[in-house]
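The primary structure of each chain is shown beneath.
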Amino acid sequence: GLSILSKKNFLFHLKIYHLSRRKNKIDPALFLEQLNNDGWKMIYLKRNNIVRQQLSNCVAETRGHYHKFNKKKEVFSLVINCNEFVRKINERLEFLDSEKQLVKNFPHIKVIYEEDLLKESFHQKTIDNILLFLGLPTSSVKTTFKKINNQTIRSLVKNYSEFKACLKKNGWERFLD
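Note that the structure is predicted; figures quoted are calculated from it, not measured. (Residues numbered from 1 in each chain as written. Predicted model: local features only at pLDDT ≥ 70, side-chain atom pairs only at ≥ 80, totals over all residues. Heavy atoms only, no water.)

1. Some words on the packing of aromatic side chains
Point 1. In total, this model carries four aromatic pairs according to the counting rule given.
Point 2. Between the aromatic rings of Phe69 and Phe145, the centroid separation amounts to 4.9 Å while the plane-to-plane angle is 40 degrees, which identifies the pairing as tilted. Residue Phe69 is located in the loop between α4 (50-63) and α5 (82-103), and its partner Phe145 is located in the loop between α7 (123-134) and α8 (153-156); the two are separated by 76 residues in the primary sequence.
Point 3. Its end group placed over the ring of Phe133, Lys41 keeps NZ or CZ at 5.9 Å from the ring centre. (Phe/Tyr/Trp six-rings, centres within 6.5 Å; stacked < 30°, edge-to-face > 60°. Helix = DSSP H or I, 4+ residues; strand = E, 2+ residues; numbered from the N terminus. Lys NZ or Arg CZ within 6 Å of the ring centre and 35° of its normal.)

Here's what the structure looks like:
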């Protein structure tokens, strides 16, 4: 609805669970088909390291904010409830699989966090590729956002031995630092 009010280009963030978890569920495939038919273009943003992604959510919940704008160093020490962590990772894997199946049916550009956004030095090339895909002129990019957590997983997770064993048991050990 807000896109109608916009006089310029309009961008919004949508994940599959934004549609499927609603009280009045919306079929994601039909929704994306309608967007595609209306001329919308899709940028598919994903993370390859799902363990880091979930740990990032844990850090954000701990600090009470998902964004950071200063250079002040923050150090975290998390005790991970492994059963809850496994549940959330499995849920995330289901979403990823569903998203993968959906986006393959529509023209899109894929942006992978670890390859395209993790380091600030990646940002210009990434935005150039996105703007080319969208048919928009290139523009220099700069962000005021700062990376929140630069810790190794070993230093971040207090119960690291238990956490590592949990990941190994589930076949996710490759996601460790």
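2. A closer look at the packing of α4 against α5
Point 1. Running from N to C, α4 and α5 cross one another at 120 degrees; their axes reach a closest spacing of 10 Å. Classified by the interaxial angle, the pair formed by α4 and α5 is oblique. The handedness of the crossing between α4 and α5 is right-handed. Contact residues: Ile50, Val51, Gln53, Gln54, Leu55, Asn57 and Glu61 in α4; Phe85, Lys88, Ile89, Arg92, Leu93 and Leu96 in α5.
Point 2. A class-by-class count of the residues in the contact of α4 with α5 yields seven nonpolar, three polar and three charged. (Axes fitted to C-alpha atoms, helices over the stretch in contact; angles between N-to-C directions. Parallel < 35°, antiparallel > 145°, perpendicular 65-115°, else oblique. Left-handed = near helix turned anticlockwise from the far one by under 90°. Contact = heavy atoms within 4.5 Å. Nonpolar A, V, L, I, M, F, W, Y, C, P; charged D, E, K, R; others polar.)

3. Here's the deal with the side chain of Asn159
Point 1. Here Asn159 shows up in the loop between α8 and α9 (160-169).
Point 2. If near-sequence neighbours (up to four positions away) are discounted, Asn159 is found in contact with Leu78, Val79 and Ile80.

4. So, the pattern of salt bridges
Any two side chains of opposite charge can pair, so long as their charged atoms come close to each other.
Point 1. A complete count under the given rule lists seven salt bridges for this structure.
Point 2. Lys88 is the partner of Glu84 in a salt bridge, and the nearest nitrogen-oxygen pair spans 3.9 Å. Linking Glu84 with Lys88, this pair stays in helix α5, spanning four residues, or about one helical turn.
Point 3. The partly exposed category is assigned to Glu84, whose relative accessible area is 32%. (Salt bridge = Lys/Arg side-chain N within 4 Å of Asp/Glu carboxyl O. Buried < 20%, exposed > 50% of the residue type's maximum accessible area, 1.4 Å probe, protein only.)

5. Description of the side chain of Arg92
Point 1. Position of Arg92 relative to the elements: it lies in helix α5.
Point 2. Buried within the structure, Arg92 lacks any salt-bridge partner; Glu91 is the closest side chain of opposite charge, at an N-O distance of 6.8 Å.
Point 3. With near-sequence residues (within four places) excluded, Arg92 lies in contact with Ile50, Gln53, Gln54 and Asn57. (Lys, Arg positive; Asp, Glu negative; His and termini not counted.)

Purely spatial values, then, with no claim about function.
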